[in-house]
Amino acid sequence: MKILLAYNDTDVANRALERAAQLAKLYEATLVVTSVTPVAIGEAPDMAPGPELQRADALLRERGVEAELVEAVGDIALAVVEVAERHDAGLIILGTREPSQVERLLGHSVSEQVQRMARCDVLIVH
């Protein structure tokens, strides 16, 4: 089984990382961690693991978990789903926060978009 963790080095993402580490250990699953840069402007982005993924990698190693790190660019929800599909993930884990009223009206919840688009299970960590 493969688990994809969407990570952005926030408090809620760190809670999702904890859950992903627990589940990866429990099920002896392969863990893939992605961080998405929302917009690419100018030159092609460097796809080497950036600071967010390096932080996730360090936190996971402290917990005895190794992960494949994948940088992505574009619409966040779409990129997360595409990385999950490309890596044949059976579960996507991501954090969520309470959206503002404007975000609710505009439907700008990444976690809700991911759960609608994904073809695999999605665990949303609050």
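Shown above is the structure to which this text applies.
Per chain, residues are indexed from 1 in the order of the written sequence. The predicted origin of the model limits local features to residues at a pLDDT of at least 70 and limits the giving and counting of side-chain atom pairs to 80 or more, whereas totals for whole chains, interfaces and linings rest on all residues. In computing side-chain properties, one takes all heavy atoms of the structure into account and sets aside hydrogens as well as water.

## Observations concerning the packing of helix α3 (residues 76-86) against helix α5 (residues 110-117)
Each pair of packed helices can be described by the angle between their axes along with the distance between the axes.
Turning to step 1, where the next piece is worked out: Note on definitions: angles span 0 to 180 degrees between N-to-C directions of axes, and those axes are lines fitted to C-alpha atoms, for helices only across the stretch in contact. Secondary structure follows DSSP: runs of H or I at least 4 residues long count as helices, runs of E at least 2 residues long count as strands, and numbering of each begins at the N terminus. In contact at an axis separation of 9 Å, α3 and α5 are set at 40° when each is read in the N-to-C sense. With respect to α5, the axis of α3 lies oblique. By crossing handedness, the relation of α3 to α5 is classed as right-handed. Every residue of α5 that contacts α3 at Ile 76, Ala 77, Leu 78, Val 80 and Val 81 is listed here: Val 110, Gln 113, Val 114 and Met 117.
Turning to step 2, where the next piece is worked out: In terms of residue class, the contact of α3 with α5 is built from eight nonpolar, one polar and no charged. When an angle is under 35 degrees it counts as roughly parallel; over 145 it counts as roughly antiparallel; between 65 and 115 it counts as roughly perpendicular; any other value is oblique. Two helices that cross are described as forming a left-handed crossing if the nearer one is turned anticlockwise from the farther one by less than a right angle, and a right-handed crossing if clockwise. For this analysis, residues touch if any pair of their heavy atoms sits within 4.5 Å. Following the grouping adopted for this structure description, the nonpolar residues are Ala, Val, Leu, Ile, Met, Phe, Trp, Tyr, Cys and Pro, the charged ones are Asp, Glu, Lys and Arg, and the polar ones are all others, Gly among them.

## Comments concerning helix α1 (residues 11-27)
Turning to step 1, where the next piece is worked out: A helix is expected to reach a length of 1.5 Å times the quantity of its residues less one. Helix length check: α1, at 17 residues, gives a terminal C-alpha distance of 25 Å against a target of 24 Å (1.5 Å per residue), a fit within 8%.
Turning to step 2, where the next piece is worked out: Residues Val 12, Ala 13, Asn 14, Ala 16, Leu 17, Ala 20, Ala 21, Leu 23 and Ala 24 constitute the buried set of α1.
Turning to step 3, where the next piece is worked out: Buried residues belonging to α1 abut β1 (2-6), β2 (30-37), α2 (51-62), β4 (91-95) and β5 (121-125).
Turning to step 4, where the next piece is worked out: Glu 28 sits one or two residues past α1 and shows a positive phi near 50°. Only protein chains enter the accessibility calculation, which uses a 1.4 Å probe; a residue is then buried when its area is under 20% of its type maximum, exposed when over 50%, and partly exposed in between.

## Quick word on the nonpolar core
Turning to step 1, where the next piece is worked out: In this structure, Ile 3, Leu 5, Tyr 7, Leu 31, Val 33, Leu 60 and Ile 93 are the most contacted members of the largest nonpolar core, which totals 22 residues.
Turning to step 2, where the next piece is worked out: Elements supplying a minimum of two residues to this core: β1, α1, β2, α2 and β4.
Turning to step 3, where the next piece is worked out: It is α1 that provides the largest number of residues to this core, a total of seven residues.
Turning to step 4, where the next piece is worked out: Dropping the residues within four chain positions of it, Tyr 7 is found in contact with Ala 13, Asn 14, Leu 17, Val 33, Thr 34, Ser 35, Glu 52, Arg 55, Ala 56 and Leu 59.
Turning to step 5, where the next piece is worked out: Among buried residues, the Ala, Val, Leu, Ile, Met, Phe, Trp, Tyr and Cys ones that are joined through side-chain atoms within 4.5 Å form a nonpolar core. Counting residues in hydrophobic clusters, the runner-up holds 18 residues, among them Ala 72, Ala 77, Val 80 and Ala 118.

## Regarding the side chain of Ser 111
Turning to step 1, where the next piece is worked out: Assignment of secondary structure puts Ser 111 in helix α5.
Turning to step 2, where the next piece is worked out: When near neighbours in sequence (up to four residues on either side) are disregarded, Ser 111 contacts Leu 94, Gly 95, Thr 96 and Ile 124.

## With respect to the sheet that holds β2
Turning to step 1, where the next piece is worked out: Spatially, the five strands line up as an open sheet ordered β3-β2-β1-β4-β5, and their pairing is parallel. Pairing within the sheet leaves two strands with one partner each, and these edge strands are β3 (67-73) and β5. With strand direction ignored, the average angle separating the axes of adjacent strands in the sheet is 25°.
Turning to step 2, where the next piece is worked out: Bridge count between β1 and β2: five bridges; the pairing is parallel. Counterpart to Leu 4 in the pairing with β2 is Val 32.
Turning to step 3, where the next piece is worked out: On top of the sheet, α2 reaches β2 and β3; it is set at about 155° to β2, its chief contact. A strand pair is defined by DSSP finding two or more bridges across the two strands.

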